[in-house]
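Tertiary structure, described
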Amino acid sequence: MAIEIAVETPLQDDVRALVEELNATLLELTPPEHCYHLTVEQMAGDDTTVFIARDDGQASGCGALKRHDARVGEVKRMYTRPSHRGRKIGAKIVEHVETLARSEGLKRLVLETGDRHPAAWTVYERAGFSRCGPVLDYPDSEWSVFYEKSL
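Residues numbered from 1 in each chain as written. Predicted model: local features only at pLDDT ≥ 70, side-chain atom pairs only at ≥ 80, totals over all residues. Heavy atoms only, no water.

1. Points about the overall build of the protein chain
A tally of regular secondary structure across the protein chain gives four helices and seven strands. Written out in order from the N terminus, the α and β elements of the protein chain read β-α-α-β-β-β-α-β-α-β-β. Computed over C-alpha atoms, the radius of gyration of the protein chain comes to 14 Å, within 12% of the 15 Å expected from 2.2 N^0.38 for 151 residues, which places it in the range of a compact globule. Expressed along its principal axes, the backbone C-alpha trace of the protein chain runs to roughly 40 × 35 × 30 Å. Residues classed as buried in the protein chain amount to 48% of the 151 residues present. Long-range pairs, those at least 24 residues apart, make up 65% of the contacts in the protein chain between residues at least 6 apart in sequence. Of the roughly 7,700 Å² that the protein chain leaves accessible, carbon and sulfur atoms contribute 49%. (Helix = DSSP H or I, 4+ residues; strand = E, 2+ residues; numbered from the N terminus. Rg over C-alpha atoms; globule rule 2.2 N^0.38 Å. Buried < 20%, exposed > 50% of the residue type's maximum accessible area, 1.4 Å probe, protein only. Contact = heavy atoms within 4.5 Å. Areas by Shrake-Rupley, 256 points an atom, 1.4 Å probe, with all protein chains shown as cover.)

2. Here we look at the sheet that holds strand 1 (residues 4–7)
If you trace the seven strands from one edge of the open sheet to the other, you get 1-2-3-4-5-7-6, paired in mixed fashion. Two strands lie at the open edges of the sheet, namely strand 1 and strand 6 (130–132), each paired on one side alone. Across the sheet, the mean angle separating the axes of adjacent strands is 30° when strand polarity is ignored. Note: strand 1 against strand 2 (residues 48–55), four bridges, orientation antiparallel. If you follow Ala6 over to strand 2, its bridge partner there is Ile52. Taken strand by strand, helix 1 (residues 13–29) contacts strand 2, strand 3 (58–67) and strand 4 (72–80), and its axis lies near 90° from that of strand 4. (Pairing = 2+ DSSP bridges. Axes fitted to C-alpha atoms, helices over the stretch in contact; angles between N-to-C directions.)

Okay, here's the thing in structure tokens:
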């Protein structure tokens, strides 16, 4: 069965479990003070739209668009379960985020990711993002890599 990606509330037990897995994975690679997690409650806010990838009904990946103003959106909470990696789920979620951002008239997408996430860098670079300096209110840190894309 094909992977299906749709806007969903993060306030579901299986999505909460997916986000817990994401948080644990990030904390294995990055010190806690350099992890900029949104809680599922924050992800459920009016300024954020969450995309969930499902394989035969099971949550297998996620990503979100967080709006900062009328011009800038941020790609957040990107994750694909290890069992589903290599199936372009991250790329498809980024595509959904970008399509939504464009439809809302946003002019720029930005993101912060870790310095030990080369697979994520590949997804973003293939989607046309370019490395840049610190974005939004993130501190400049050796643990962070920043990307941007004009829409």
